Each structure stands twice: as C-alpha cells, then as structure tokens.
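Residues per chain, in single letters:
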Amino acid sequence: MPELAPPSHPLTEQENTMSIALPDAGVRLDVPSFRVGPRSIEVVPLTATIGAELRNIDLAEAARDAEVFAELRDLLLQYKVLFFRDQDISRAEHVALAERFGPLEDHPVAGSDPDHPGLVRIYKDLDSPPEHYENAFHCDATWRTVPPLGSVLRCVEGPPVGGDTIWVNMAEAYRRLPARVKEQIAGLRARHSIEASFGAAMPAEKRRELHARFPDAEHPVVRTHPETGEEFLFVNAFTTHFVNYHTPENVRFGFDYSPGQSELLNYLIRQAAVPEFQVRWRWTPNSFAIWDNRVTQHYAVQDYWPGVRKMERAGIVGADY
C-alpha cells in the first residue's frame, strides 16, 4: 500500500498507552494514544485498518481555525473516517465545518434543511416509511458523474440500542484481492444508477423523471485516490453492471457474459462485507463522523425499531479525478 501523505504536524506518541473501558464488557483495553501538534488532539485508532476517534477537539473551533482544520484533514486522509463525541455545536457550525472541505450538495430525494442548505435530515421514527437504502454497503451518490468527496454526519437522537454505522476501507479491500482478480478487473468500468436504487420504489413516471435528471454514471472499477495515491475498489450497491466486460478474453459464450459478469460484480461488491476491512461506531447524541467518501463505503444498521434515530448530514461536493 502506498504511504499516506504525512500530517501537517508529526504524530508523537504519548508517554505510554491509555486504558479504555469497553461498553458492557467489564474489560479494559490498552490502546495507543497520540497527540498532534500544539493543540493536543488525542487520536485513538479504533482498528488496525480504518477509523480513529479524536478527543480534546472542538469541531466548532475546527470550523473557524485553519490550523486545527488542517490537522483534522490530514488525519482524515490517514484514517479515512474520524469519530467525535460530545460535540454540542449549532447547525450553522456543522455546515461551516463541512464547507471547509468544499461546497455542499443537495440530495435529490432526501432534500435539505430549508434554513441550512446542504444539511440533510435523515430522521427515522415510527411514522417513517420502510425504506431500505442505508442498510446496504454503499459509497454515497456514485450515481453522480462526480460523487461526493465526503460527509460530516451528526447524531441528533439515537435509539437506546442499535442503530450503529459500519465503515469499510475499500483500499484494503482492493489490496487483499487475489492477483488474478486484480488482473481481470484492471481497466473495467461500471455503471452506477439512482434509478435502479432510489427510483426502484417510485411509480414509473417519477422513476423516469429521476433518470432524466440523473442519467447513469460510469466509473472505473479500480480508482486511485487523488491525494494518497492508494488504489481502491469502486463498486457498491448503486453499481448495476460492467460496461466494457464483453471482450474475447472474458466472453467465450453468452453464458460468460450473463451471468458470468454479474457473478464477478457480486463478488467484488461482497468485499465490503469482510469484517477485517471495517470499523463500527456506536452513536450517542452529539457524536459525529467525518469520512472520505471516495475510498470508503458505509452501512447504517437498521436494528433499532421501535427506537428513533435522527441524523443530520452535510455532504461535500467532489472533484473529478
């Protein structure tokens, strides 16, 4: 795996290790703790593969202070998803933090808060329709020609149990693929569709209108991160099929094309479900997650009914690469 870009401030290990109590287990786990720069942000990795919790940081300050934000952004490139607890900040500060990364996007189906454009309310309660879009491994809005760079997500209200979110390191998923599979998928491109996902539950006329607004997008199956240089697997729940699979090397008979190519695609999509590539976060009110949408996937676990789960997300417009 290529080395990641070094942080703006070198990481320095604390004196020893810090001891963390595991919820409901009665066990304490010694994990490394780091301090970053003069502001003493504590960085606690959550797995060896992906994710870190940042402590002793105020996200409202990160929204205002360029130096704090630069440290945060460097850590995001390193850990791919960052977690925070007890961040009682305003919606305006939430939006301002996300806008540090770039302009915010609207979601064509979910919409956004009228007073804070770009802030999407994802509220699930007993009156919510039975949607099943979040509980699939996906990378946000890959049906766009240019998918989002990332997101800043806040828990407003969480259920007493359940409602966790899982994130996946898709660079690690690609790195661990067999060499023969890497050879087979090199140069492949795939189609991603909002019509086949969100649109599938709509009446035919509305589904066609959605497709007209957002035609299917094509993306490489393997992409290279524009900042870290890592290669990563870029197929997910929005991916429908390969667009350039039909070559003499891949297709001897029609059977090789269908179901042959769909079996390969499903194999690649299943890589996100490997626990060794994942981190899982237990939400509490005013906890946050910031993730790099380019190189991760996530899955919102819907195991909390009849509990209520209210989240607010600011999605950051991406750049082509």
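Residues numbered from 1 in each chain as written. Predicted model: local features only at pLDDT ≥ 70, side-chain atom pairs only at ≥ 80, totals over all residues. Heavy atoms only, no water.

1. Considering the overall build of the protein
The helix and strand inventory of the protein stands at 8 helices and 17 strands. Counting all 321 residues of the protein, 48% fall into the buried class. Pairs at least 24 residues apart make up 78% of the contacts formed inside the protein by residues separated by at least 6 positions. For the protein, the computed accessible surface area is about 15200 Å², with 51% contributed by carbon and sulfur atoms. (Helix = DSSP H or I, 4+ residues; strand = E, 2+ residues; numbered from the N terminus. Buried < 20%, exposed > 50% of the residue type's maximum accessible area, 1.4 Å probe, protein only. Contact = heavy atoms within 4.5 Å. Areas by Shrake-Rupley, 256 points an atom, 1.4 Å probe, with all protein chains shown as cover.)

2. Topic: empty space enclosed by the protein
Over the atoms a probe the size of a water molecule is rolled, and this reveals where empty space is left. Taken as a whole and judged by the stated rule, the model has 3 cavities of 30 Å³ or more. Taken together, Glu-105, Asp-106, His-107, Val-120, Asp-140, Pro-148, Ser-151, Arg-313 and Gly-315 make up the lining of the largest cavity. Per-class residue counts for the lining of the largest cavity are 2 nonpolar, 3 polar and 4 charged. Here the residues of the lining of the second largest cavity are counted per class, giving 7 nonpolar, 2 polar and 1 charged. (1 Å grid on protein atoms, 1.4 Å probe; cavity = no way out; pocket = protein on both sides within 12 Å on 5 of 7 lines; lining within 4 Å. Points joined across faces, edges and corners; volume = space filled by probe spheres on them. Nonpolar A, V, L, I, M, F, W, Y, C, P; charged D, E, K, R; others polar.)

3. Thoughts on the packing of aromatic side chains
Counted according to the given criterion, the structure contains 10 aromatic pairs. Here Phe-83 and Trp-281 contribute two aromatic rings whose centre-to-centre distance is 4.5 Å and whose plane-to-plane angle is 15 degrees, an arrangement assigned as stacked. Taken together, the residues span a long stretch of sequence, with Phe-83 in strand E5 (residues 81-84) and Trp-281 in strand E14 (residues 278-281) at a distance of 198 residues. Judged by its relative accessible area of 0%, Phe-83 is buried. Between the NZ or CZ atom of Arg-85 and the centre of the ring of Trp-281, over which it lies, the distance is 3.9 Å. (Phe/Tyr/Trp six-rings, centres within 6.5 Å; stacked < 30°, edge-to-face > 60°. Lys NZ or Arg CZ within 6 Å of the ring centre and 35° of its normal.)

4. Here's the deal with the sheet that holds strand E10 (residues 217-220)
Sheets are built from strands that pair by backbone hydrogen bonding, the pairs being arranged parallel or antiparallel. The 3 strands lie next to each other as E10-E9-E13, forming an open sheet whose pairing is antiparallel. One side of each edge strand has no neighbouring strand; the edge strands of this open sheet are E10 and strand E13 (239-242). Taken over all neighbouring pairs, the strand axes of this sheet differ in orientation by 35 degrees on average, direction set aside. Relative to E13, strand E9 (residues 189-192) runs antiparallel, the two sharing 3 bridges. Opposite His-192, over in E13, you have Thr-239 as the bridge partner. (Pairing = 2+ DSSP bridges. Axes fitted to C-alpha atoms, helices over the stretch in contact; angles between N-to-C directions.)

5. Notes on the packing of helix H2 (residues 66-79) against helix H3 (residues 91-101)
The contact between H2 and H3 brings their axes to 11 Å, and the two run at 65 degrees. Judged by the angle between their axes, H2 and H3 are roughly perpendicular. As H2 runs across H3, the sense of the crossing is right-handed. Each of Ala-66, Phe-69, Leu-72, Arg-73 and Leu-76 in H2 lies in contact with H3, whose residues at this interface are Leu-97, Arg-100 and Phe-101. Residue classes in the contact of H2 with H3 are distributed as 6 nonpolar, no polar and 2 charged. (Parallel < 35°, antiparallel > 145°, perpendicular 65-115°, else oblique. Left-handed = near helix turned anticlockwise from the far one by under 90°.)

6. Some words on the pattern of salt bridges
Pairing is possible between side chains of opposite charge, provided their charged atoms come close. Taken as a whole and judged by the stated rule, the model has 21 salt bridges. Residues Arg-176 and Glu-172 are paired through a salt bridge, measuring 3.4 Å at the closest nitrogen-oxygen approach. A residue is classified by how much of its surface remains accessible, and Arg-176, at 48% relative accessible area, is partly exposed. For Glu-172, a relative accessible area of 8% corresponds to the buried category. Notably, a salt bridge pairs Glu-218 with Arg-191, separated by 3.1 Å at the nearest N-O pair. In this pair, Glu-218 is assigned in strand E10 and Arg-191 in strand E9, connecting sequence segments 27 residues apart. (Salt bridge = Lys/Arg side-chain N within 4 Å of Asp/Glu carboxyl O.)

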